[in-house]
Amino acid sequence: MKLHRPVVSAYTVPTDAPEADGTFAWDTTTMVIAEVTTGEETGTGWTYGPAAVGDFLTEQLGPLVEGRSALDIPALHDAMCRSVRNAGRPGIAACAISALDIALWDLKARLLELPLARLLGVVRERVPVYGSGGFTTYHDTHLAAQLNGWVHGQGIPRVKLKIGESWGRAVPRDLSRVRTAREVIGPDAELYVDANGAYTRKQAVRVGNALAELGVGWFEEPVSSDDLTGLRLVRDALVCDVTAGEYGYDLPYFARMIAAGAVDCLQVDATRCGGVTEFLRAAALAQAHGLEVSTHCAPHAHAAAAAAIPNIRHMEWFHDHVRIEDMFFDGALDPTGGTVRPVAGVGHGLTLRTDEVEEYRVA
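Residues numbered from 1 in each chain as written. Predicted model: local features only at pLDDT ≥ 70, side-chain atom pairs only at ≥ 80, totals over all residues. Heavy atoms only, no water.

**Student:** What is the right way to look at the overall build of the protein in this model?
**Tutor:** The secondary structure content of the protein amounts to 14 helices and 14 strands. Judged by the C-alpha coordinates and their principal axes, the protein covers about 60 × 40 × 35 Å. For the protein, buried positions account for 59% of its 363 residues. Sequence-distant contacts, at least 24 apart, represent 70% of the contacts inside the protein between residues at least 6 apart. Of the roughly 13700 Å² of accessible surface on the protein, a fraction of 50% belongs to carbon and sulfur atoms. (Helix = DSSP H or I, 4+ residues; strand = E, 2+ residues; numbered from the N terminus. Buried < 20%, exposed > 50% of the residue type's maximum accessible area, 1.4 Å probe, protein only. Contact = heavy atoms within 4.5 Å. Areas by Shrake-Rupley, 256 points an atom, 1.4 Å probe, with all protein chains shown as cover.)

**Student:** Whenever I open this one, the packing of aromatic side chains confuses me. Can you help?
**Tutor:** Two numbers describe a pair of aromatic rings. These are the distance of the centres and the angle of the planes. Per the stated rule, a full pass over the model turns up 12 aromatic pairs. Aromatic side chains tyrosine 130 and tyrosine 192 sit 5.3 Å apart centroid to centroid with 75° between the ring planes, which places their arrangement in the edge-to-face category. Taken as a pair, tyrosine 130 in strand β4 (residues 127-133) and tyrosine 192 in strand β6 (residues 190-194) lie far apart in primary sequence, 62 residues in all. Judged by relative accessible area, which is 0%, tyrosine 130 ranks as buried. Taken together through their ring pairs, the aromatic side chains of Phe24, Trp26, Phe135, Tyr138 and Phe318 make up a single cluster. (Phe/Tyr/Trp six-rings, centres within 6.5 Å; stacked < 30°, edge-to-face > 60°.)

**Student:** I would appreciate a short explanation of helix α3 (residues 92-111) in the present structure.
**Tutor:** Every α-helix winds through 3.6 residues per turn, so residues three or four apart in the chain are directed the same way. In this model, α3 (20 residues) spans 29 Å end to end at C-alpha, consistent with the 28 Å of a helix rising 1.5 Å per residue. Counted residue by residue, α3 has 18 buried out of 20 residues, so it is predominantly covered. Immediately beyond the C-terminal end of α3, within one or two residues, lies glutamate 113, with a positive phi of roughly 60°. (Expected span 1.5 Å × (residues − 1).)

**Student:** What's the story with the layout of surface pockets in this structure? I'm lost.
**Tutor:** Over the atoms, a rolling probe the size of a water molecule traces out where space has been left empty. Its volume calculated, the largest pocket comes out at about 730 Å³. Residue lining of the largest pocket: 31 residues in total, with Phe24, Trp26, Tyr48, Arg272 and His321 positioned closest to the centre. Where the lining of the largest pocket is concerned, the elements lending two or more residues are β2 (25-38), α3, β5 (158-162), α11 (270-273), β11 (312-318) and α14 (319-328). Residue contributions to the lining of the largest pocket peak at 4 residues, all from β2. A class-by-class count of the residues in the lining of the largest pocket yields 11 nonpolar, 10 polar and 10 charged. (1 Å grid on protein atoms, 1.4 Å probe; cavity = no way out; pocket = protein on both sides within 12 Å on 5 of 7 lines; lining within 4 Å. Points joined across faces, edges and corners; volume = space filled by probe spheres on them. Nonpolar A, V, L, I, M, F, W, Y, C, P; charged D, E, K, R; others polar.)

So, to be careful, I would describe these as geometric facts and stop short of saying anything about function.
Below, the structure is given as structure tokens:
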């Protein structure tokens, strides 16, 4: 069961409409895919980031895992993390490690002819999801159609939209859009917002108090996730849950965030933090401190691991990544009713449609 050198590819997919949040705008999304093989089985993993992630994976990590046992994922993960000491773990290196780690877990489950969720050990067979999108570039009619599709079309009882437009300089429009969202989804569905760190501390408190009147229960990154003191101050001042963690590239990041008392729910992204291996460790760390975990983006990369942890709150059903993963893979999950069931097939249950997506390939 010796590993071959990973095969790496990158694809850039245009968005289906202009997109922006409080601090960033984009019109394409790039996915980097790692495929690792032993014998006749292949595992597939991926991350979202620049194509340079693929170059790093090929040059730095590929030779490191070649020839090693496909079953010893902790040893492989440790070797990868040690190898990037001088390159720097956060950012491109962590994304590369994440993609390859996800591929290794998929491969191991396929070798054992098990669903990945069963290999990890299932706590629940269904994992709650929330619809995520509502970009600041959307006209109100576009926003309403998207939210209506999730809540009333697919029966997903929780949704999130972006606020903090123009680095927090459009608060009246932010609140108007949240009011529109509440009118569309009705009084019973859960309503979340994400400012992507756009507000100042006291501005976030003022906005949060207004959001409370509209029944918003989740305020993501009201201030920069680098401002742990600010997150704690906002958290203490508001009744809604304050959340962050999507930029965690290693376990110490999550330890610092938790120690600061910065969040009510810890967000973890397996395509950034170090794959399934580090995701499970971050979830255990959160549980030790009485916190739940919510997965960030890339839902199909998280589903099996989310089913395996006792303190999962929900998964982010992020519009961009759902669209891409539906395009790129056979076996995509169905969130109708507000949950997904990641226990079918073998591995993570997905098969790359290599020929069909060739037009998007950039590396």
